[in-house]
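Per-entry structural report
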Amino acid sequence: MEGKRSPYSIIDKYTKGDLFLDDLGDELSVIKVFGQDIPYMDNILNDREEAYTKGSQMTYITSNLIPMEIKLTDGNVVADEVDTRYGERIRSRLEKQFN
């Protein structure tokens, strides 16, 4: 059907070329597209990691998320916020791209 777009075509523009993301984790976790919940940032980060491994683009990110589990001196543990929000799969892909 001409003119009909896939819900994922809306985020395609963020998967091409270099991208600067300010304050990762502050965005909505999903967006509704044609009544369908889309975890758009997960999809963008996944696609960008695949392109990164081919050397075709760079992603620059700022974030206040805690990128790993931290054990405090009082014995309490601060959760890995990246893993909690995006899952272990996306966290491991981010580890490959960033230091």
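Quick note: structure is the one above.
Predicted model, so just to flag it, every value in this text is computed and none were measured. (Residues numbered from 1 in each chain as written. Predicted model: local features only at pLDDT ≥ 70, side-chain atom pairs only at ≥ 80, totals over all residues. Heavy atoms only, no water.)

A short note on the nonpolar core
To keep things clear, this is the line we draw: Buried residues of nine kinds, namely Ala, Val, Leu, Ile, Met, Phe, Trp, Tyr and Cys, make up a nonpolar core once their side-chain atoms join them within 4.5 Å. Accessibility here uses a 1.4 Å probe with only protein chains present; expressed as a share of the type maximum, an area under 20% marks a residue as buried, one over 50% as exposed, and anything in between as partly exposed. Per the convention used, a helix needs a DSSP run of H or I reaching at least four residues, while a strand needs a run of E reaching at least two, with both numbered from the N terminus. Here a residue-residue contact requires only that any non-hydrogen atoms of the pair lie within 4.5 Å.
Ranked by internal contacts, the top residues of the largest apolar core, which has 14 residues, are L24, M41 and L45. Looking at this core, the elements with two or more residues in it are strand 1 (19–24), helix 1 (40–53), helix 2 (81–86) and helix 3 (88–97). The greatest single-element share of this core, amounting to 4 residues, is contributed by helix 1. Setting aside residues no more than four positions away along its own chain, L24 makes contact with M41, L45, I61, T62, S63, L65, Y86 and L94.

As for the pattern of salt bridges
Quick note on the threshold: By definition, a salt bridge exists where a carboxyl oxygen of Asp or Glu is found within 4 Å of a side-chain nitrogen of Lys or Arg.
Counting across every chain of the model gives 8 salt bridges. With a closest N to O distance of 3.4 Å, E88 and R91 form a salt bridge. Taken together, the positions of E88 and R91, both in helix 3 and 3 residues apart, correspond to about one turn of that helix. By relative accessible area, which is 14% here, R91 ends up buried. A cluster of three or more residues bridged by salt bridges with shared partners is formed by D80, D83, E88, R91 and E95.

A word on unusual backbone geometry
Phi is positive for D23, close to 65°, though the residue is something other than glycine. For D23, the position within the fold is in strand 1. D23 gets classed as partly exposed once you look at its relative accessible area, which sits at 27%.

Some points on the packing of aromatic side chains
Applied cut-off: Centre distance within 6.5 Å is the pairing criterion for rings of Phe, Tyr and Trp, where only the six-membered ring of Trp is used; planes under 30 degrees apart are then read as stacked, over 60 as edge-to-face, and the remainder as tilted.
Applying the stated criterion to the full structure yields 1 aromatic pair. Ring centres 4.7 Å apart and planes at 15° place the aromatic pair F20 and Y60 in the stacked group. With a gap of 40 residues between them, F20 in strand 1 and Y60 in strand 4 (residues 59–63) connect regions that are remote in the sequence. Accessibility expressed as a relative area gives 63% for F20, which makes it exposed.

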